Amino acid sequence: MSRRGRVTVGVLVGVFILFTLLGWGIDAYTDYLWFSEVDFTNVFSEVLITRLLLFLAVGVAMTLVVGGNLYLAYRLRPLLRPHSQEQATLERYRMILAPRLGTWVTVVSLIVGFFAGLSAQSRWADWMLFRNGGSFGVQDPEHKVDISFYIFEYPLWRYLLGVGFTAVVLSLLGALAVHYIFGGVRLQGVGDRMTAAARAHLTTLVAVFVLLKAVAYILDRRALLLEQHVSPGLYGAGYTDVNALLPAKEILAYISVVVAIAIIVFSNAVMRNLVWPGVSLALLAISAVAIGGIYPLAVQNFQVKPSLSDKEAPYIKRSIDATRDAFALDATEVTQYSAASGSPPANLAENSSAQNVRLIDPQLVSQAFTQSQQSRGFYDFGEKLDVDRYTIDGKTQDYVVGAREINDEKLTAQQRNWLNRHTVYTHGYGLVAAPANQVCGTGLPYFVSGFLGSTAQGNCASTTDEIKAEQPRIYYGEQSSEYVIVGQEDENKNVEFDRPQEQNSDASELYTYEGTGGVPIGSFFKRAVFAIKNTESNFLLSDAVNSKSRLMYIRNPRERVEKVAPFLTIDGDPYPAVVGGKIVWILDGYTTAQTYPYAQKINLATETRDELTGQGSFALARDDVNYMRNSVKAVVDAYDGTVKLYEFDEKDPVLKAWNKAFGGDLVVPKAEIPAELSSHFRYPADMFKVQRNLLTKFHVTDPQTFFSGNDFWEVPNAPDAPQNGVKQPPFYLNVKLPEQDETRFQLTAGVTPANRENMAALISGSYIDGQPKLEILELPDDTVVSGPVQVHQRMVNNANVASDLALLSRQGQATVLYGNLISLPLDKDILYVEPVYVRSNSQANAAPLLQKVLMSYGDGGTYVVLEDNLTKGLEALAELGRTSGTPTTETPGQTPGTGTPASPAPGATPTTPPAVTGNLAQAAADVDRAIEDLKAAQRSGDFVKQGEALKALDDAINRFQQLQAAQGGAAQGDTPATSAPAMAPTASAGS
C-alpha cells in the first residue's frame, strides 16, 4: 500500500473511532444527567465502574495469556531447521512476521482481549451478586450446600471456567501456528516432527485444558441439580443422576487430574514423545463415554424404568418442595369448598360480596372514558384501564381508573410540528375514576373524578371531585413516548397546553411547568449535547429553549424504573393512584434467578401471556427463571418523575444483595412506606399468573399422585372466545370469599381439571397486614361444577336470554360484547356475573355501552337472568330461588328456572303467532320509533343522545316483552324490532 493509501486508511479509521467514542461519550453523559435528575447516580456509577473493571480485568488477562503464549512459542523456536520444501515455503512467512513480530502479537492479542472484555462487561450483574450475596438459610437436598452458592456464585464460576477454556484453546491454536511457522513443529523432513521445547509448551497447554475439564466435572455435579432430569419433566437430579452420574463426574474429575499429570510427565520427562499422552487422552474420552454415558444409561433402563414412580418419588418430592419455595407457593392455604348447586338464596341481593361484583370492564370502557372525559381528540386513556380501591365517605369500594394523557399519535398533522410536539403538548391532566359497579342510564360509567373543569359536565358524573388530586398534571405516563422541553424565563409567558377553558371549549388554558422534573439544559454546552444526541438543531436554534428550560426524557414509568433498577423485572400492568394529593404510578418489581436447585424453570413471557397481553398490559421478556419474588413496590411521580423503590419482601436475599451492591440505601425500608400509599398496593398480576399456572400442577404435593398426573388443573380459555386459545385473565374484586374473615381487595381466577371444562378450584391472592397470601378454594372431585367456558355458553344459549341478546344487536346495527365473566364463590354456591355491552356498527370508534348484566347462580344452566343492572339481577335470581324452592318441575316447552316458554327445538314447525293488537301493537310501535331515534342520534354523532336513545329503546323493548307475557306470550317476530337475526360474532373482552 502506498503512503497516501496508508494515510487515507488511517484517517478513516481515526474518524470512525472518534465518532464511535463521541457517541459513547454523549450517551454516557446524558445517562449521567438523567440519573442525577432522579437521584440515583450511584446506580449509574456502580454499573459503569463494574463494567469497565470487568472489561479491563478479563480483557487484559486474555491479552496477556494469549500474547504470552504466542511470544513464548516464538522464543522457543529452533535456531537451526532442517532443509525441506516445507521449510522453504514457510520462509516467506517468517520474513514477513519476524521483523514486526511484536506488533503482530500485540495486535492479535489486543483483538482477542477486546472481544473477551466486551463479553465480560455484560456479566456485571453476576459479579455484583458474587461480591454481595448473602445466605439463603436453606440448603440443597443433595450436596447440603446453601442455596446462595447456586444463585450468587455458580453463574460467575461457570463463566470464568468458560473464559479459561477459551484462553487455553486460543493459546494452544496460536502457539501451534507459531511453532509450525518457525519450525518447532514440522510435517516433513527427517528427525522428530516436534522439538522438545515445542512439545513441552503444547503438552502443558493440553494438560491445563484437561485440568480445567476436571474443574468442569466438579461444577457439573452441582449443575445436575439445575437441569431437567427428574421424571416427569421436572428439574434437578433424579435417581440415575444421584446414583450414577454424580459418582461418574467425581471419578472423571480424578481421572482428568491423573491424565493431566501423565501428559506432562510422559511427554517431557519419561518417554519424551506424544504416544502416552495420546493414550491418556483416549482413555479419558473412553472413560467419559463409559462412566458418564453408558453406565448411567444402563442404570436408567434396567433399574429406574421398570419401577419409575418408586425410584423417582424422593426426587419428585424434592422438585415439588423446591418449586413451591422458589415461587412463594409454600404458604398457600387450601380450603375445601362444596358447591351445593341449590336454588339462589332469598337474601342473595343483600350479600355484600355479591353487591361488590365489578361490572365495569377495564378494557371495554376505555373508549367510553376517552369519548366522555375529553374535549380534544389527542387525549387518550390507553387500551385498558386499571382497577384500584378508594375509601370515600367511610365506604371502601373498587374503582376503574385511568390517567388522561396526550397521545402523540393522535395529534393532527398541523399539531405534529417539532414546536407543538415537544414544547406545547407536554402533559396530560387528571385521574378519571368511576365506581366499578355503577353506570348511568345510557350505559356509560358514572365518573367521580378527574374533571377538566372545576365542576363535572353532563348528567353522568358526580357534582364534586370525589378523588381530588391537588396536582392533576401528568408529565410522566404510559403514553409519554417523546421528550418534552418545559420552563420559561418570562414568568408571565405560558406556552404549554393545559386544558380547555370552561367558558369556551374552543379556547385553551396555558401553563408553565413549576416542578423539579427534567434535566436543566440552560447552558449552550448541554443544548449542544442533546442536539447531537437527538439529531435536532432546534435545541440550539429555537427560542422555545431558554435558560430556564428543562428536558424531560425517558418519561414512561416502566422505562424509568427499569433504568433505575436494571436488576428488576417490572410487572406488565402499572396503574395510577392519587396519593397525598398527587398522581403517582405504582409498579411491581420482581427479583428473579435461573439457578435455584430442583425448582421448575418457566418462561416469563409464556406464563404471563393471556387475553390482555399487548392490549394495555406489557408482555414480559422471554426470560427463563426458576425463582421469583415480588420484592419491590416502585412509585413514579406523574408530575416531577421522582422514582422511589420501596422494599416489600423483607426476607428476599436477592434484593438484599442488590441493595448492598448499590450502597445499602437503594430501596426504602418497608417500615417507611406511607400508609396512604400502601393502601393502594394490590397483588401483582404477573406474579399471580405465574403462581396460578404453577399451582395447576404443584398444588399436588404427593409424589405418586404428581407422577400419575390425574389431579392436574389448567387455566381456562377466555369464556367468550375459547376457540382463540388465549387464557382467561384474573380479575380484581373487593369481596369476602368463603372462609375469609373480612372483605379484601384480591386477585382471583378459576382453574379447571386438565383437558376438561368444569371448575376445579378458585385461586385468590391478597394482602393481609402487608403480607401476600395465596388461597385455594378446591371443589370436591366427586362433584361437577361448570367452568367459565361452560357457564358462558349455557347462559347465552338460554332460550329467553338468547332472544334478548338478539334484540340488542338491533338487526345487525350493533355488536354485542361480553365483559369479564366473574366467578364469585358465595357461602353455598358460585355466582357468575358477566356484563353485556353494545357497540354501534354505524358510527366509527363508537364506545361500547353497558346495557345488560348476564347472571347465573349454581351450575350455570338452571338459574339465569339478563337484567339492567346488578341489583335487579340479584333480585331476579333470588325471586327465581323463591318461586322454584327446590328444582322446579317445569311444564313441557319451558326453560328450567325461568318459567317462560323455551324456543322451538331445531327442525320443529313453528306455530302461527296471534295477531298483535291494542297495547301490544302500541308497544311495538314504540320500539320502532325508538329504533328510528337511535339511528338519528348515530347519524348526528352526538354521543350523549346516542346513549339516551339506546336507553329508550331498551325500555321500549322491556315494555313490549312485559305486555307480550301478559297477553299469553305473543310471538317475538311480530315487529321489526323483534325479528332481529342472530347475534353478530362478539369481540373478546378481558378483565
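In every chain, residue numbers begin from 1 and rise along the written sequence. Thresholds applied to this predicted model are a pLDDT of at least 70 for local features of residues and 80 or more for the giving and counting of side-chain atom pairs; totals over whole chains, interfaces and linings are not thresholded and use all residues. Only hydrogens and water are set aside when side-chain values are computed; all heavy atoms of the structure are taken into account.

> Before we move on, can you summarise the overall build of the chain with the specific residues and values?
Think of it this way: any DSSP run of H or I at least four residues long counts as a helix, any run of E at least two long counts as a strand, and we number them from the N terminus. Scanning the chain for helices and strands turns up 26 helices and 32 strands. Partly exposed describes any residue whose relative accessible area lies between the buried limit of under 20% and the exposed limit of over 50%, with all areas from a 1.4 Å probe on protein chains only and scaled to the type maximum. Burial statistics for the chain: of 991 residues in total, 54% are counted as buried. Residue contacts are counted whenever heavy atoms from the two residues lie within 4.5 Å of one another. Intrachain contacts of the chain at a sequence separation of at least 6 include 69% that bridge at least 24 residues. Approximately 43100 Å² of the chain is accessible, and the part contributed by carbon and sulfur atoms is 55%. Where accessible areas are quoted, they stem from the Shrake-Rupley method and a 1.4 Å probe; at the residue level, only the protein chains shown are allowed to cover.

> Can you tell me about a nonpolar patch on the surface, naming the residues and giving the values?
What goes into a patch is any residue over 30% in relative accessible area without a salt bridge, connected to like charges within 9 Å or, for nonpolar side chains (Val, Leu, Ile, Met, Phe, Trp, Tyr), within 5 Å. Should a side-chain nitrogen of Lys or Arg be within 4 Å of a carboxyl oxygen of Asp or Glu, the pair is scored as a salt bridge. A cluster of nonpolar side chains, namely Val-7, Val-11, Val-15, Leu-18, Phe-19 and Leu-22, defines an oily patch on the protein surface of about 560 Å² accessible area. Relative accessible area serves as the criterion here: at 54%, Phe-19 is assigned to the exposed category.

> So what's going on with the nonpolar core? Which residues, and what values?
Phe-40, Tyr-390, Tyr-596, Leu-645, Trp-658 and Phe-662 are the most contacted members of the largest nonpolar core, which totals 162 residues. Those residues in contact with Trp-658, other than ones at most four positions away along the chain, are Trp-124, Ala-125, Met-128, Leu-129, Phe-567 and Leu-666. Here, nonpolar core means buried Ala, Val, Leu, Ile, Met, Phe, Trp, Tyr and Cys residues that are tied together by side-chain atoms lying within 4.5 Å of each other. Residues Leu-348, Leu-359, Phe-731 and Ala-814 belong to the second largest nonpolar core, which totals 64 residues.

> Tell me about the packing of helix 1 (residues 3-38) against helix 16 (residues 557-564), and name the residues and values.
For helices, the fitted line uses only the C-alpha atoms of the stretch in contact; every axis is such a line through C-alpha atoms, and the angle between N-to-C directions lies from 0 to 180 degrees. Relative orientation of the contacting elements helix 1 and helix 16 amounts to 100°, with a least axis distance of 11 Å. The pairing of helix 1 with helix 16 is recorded here as roughly perpendicular in orientation. On helix 16, the residues touching Asp-31, Trp-34, Phe-35, Glu-37 and Val-38 of helix 1 are Arg-560, Lys-563 and Val-564. Only Asp, Glu, Lys and Arg are considered charged in this grouping, and only Ala, Val, Leu, Ile, Met, Phe, Trp, Tyr, Cys and Pro are considered nonpolar; every other residue, Gly among them, is considered polar. In terms of residue class, the contact of helix 1 with helix 16 is built from four nonpolar, no polar and four charged. Working rule for angles: under 35 degrees goes down as roughly parallel, over 145 as roughly antiparallel, 65 to 115 as roughly perpendicular, anything else as oblique.

> Go over the pattern of salt bridges with me, naming the residues and quoting the values.
Under the defined criterion, the tally for this structure stands at 31 salt bridges. Between Arg-499 and Asp-498 there is a salt bridge, with the nearest N and O atoms lying 3.8 Å from each other. Looking at Arg-499, the relative accessible area reads 16%, which means it is buried. In this structure, the salt-bridge partner of Asp-868 is Lys-852, at a minimum N-O distance of 2.7 Å. Placement of Asp-868 in the loop between strand 32 (863-867) and helix 24 (870-884) and of Lys-852 in strand 31 (residues 849-857) is noted, with a sequence separation of 16 residues between them. Residue classification places Asp-868 among the buried positions, given a relative accessible area of 16%.

> Give me the lowdown on the side chain of Asp-361, citing residues and values where you can.
Secondary-structure assignment places Asp-361 in the loop between helix 11 (352-355) and helix 12 (366-372). Between N or O atoms, a polar contact is any pair within 3.5 Å; within protein, one atom must be a potential hydrogen donor and the other a potential acceptor, and residues adjacent in sequence are included only when both atoms are from side chains. Reaching out from Asp-361, the side chain makes a polar contact with the backbone nitrogen of Asn-820 at a distance of 2.8 Å.

> Just give me the short version of the sheet that holds strand 12 (residues 519-520), but keep the residues and values in it.
Any two strands with at least two DSSP bridges between them are considered paired. The sheet built from three strands is open, its strands ordered 9-13-12 with antiparallel pairing. Strand pairing shows two members of the sheet lacking a second neighbour, strand 9 (484-486) and strand 12, which therefore form its edges. Of the strand pairs in this sheet, strand 12 and strand 13 (residues 550-552) are connected by two bridges, and their pairing is antiparallel. In the sheet register, Pro-520 faces strand 13, and the bridge partner there is Arg-550.

> Tell me about the state of the cysteines, and please be specific about residues and values.
Two cysteines form a disulfide when their sulfur atoms are joined by a covalent bond. Any two cysteine sulfur atoms lying within 2.5 Å of each other are counted as a disulfide. Tallying each qualifying case throughout the model produces one disulfide. Across the disulfide, Cys-440 is cross-linked to Cys-460 (sulfur-sulfur distance 1.7 Å). Handedness of the Cys-440-Cys-460 disulfide follows from its S-S torsion of about 115°: it is right-handed. Taken together, the residues span a long stretch of sequence, with Cys-440 in the loop between strand 7 (431-435) and strand 8 (473-474) and Cys-460 in the loop between strand 7 and strand 8 at a distance of 20 residues. Accessibility expressed as a relative area gives 14% for Cys-440, which makes it buried.

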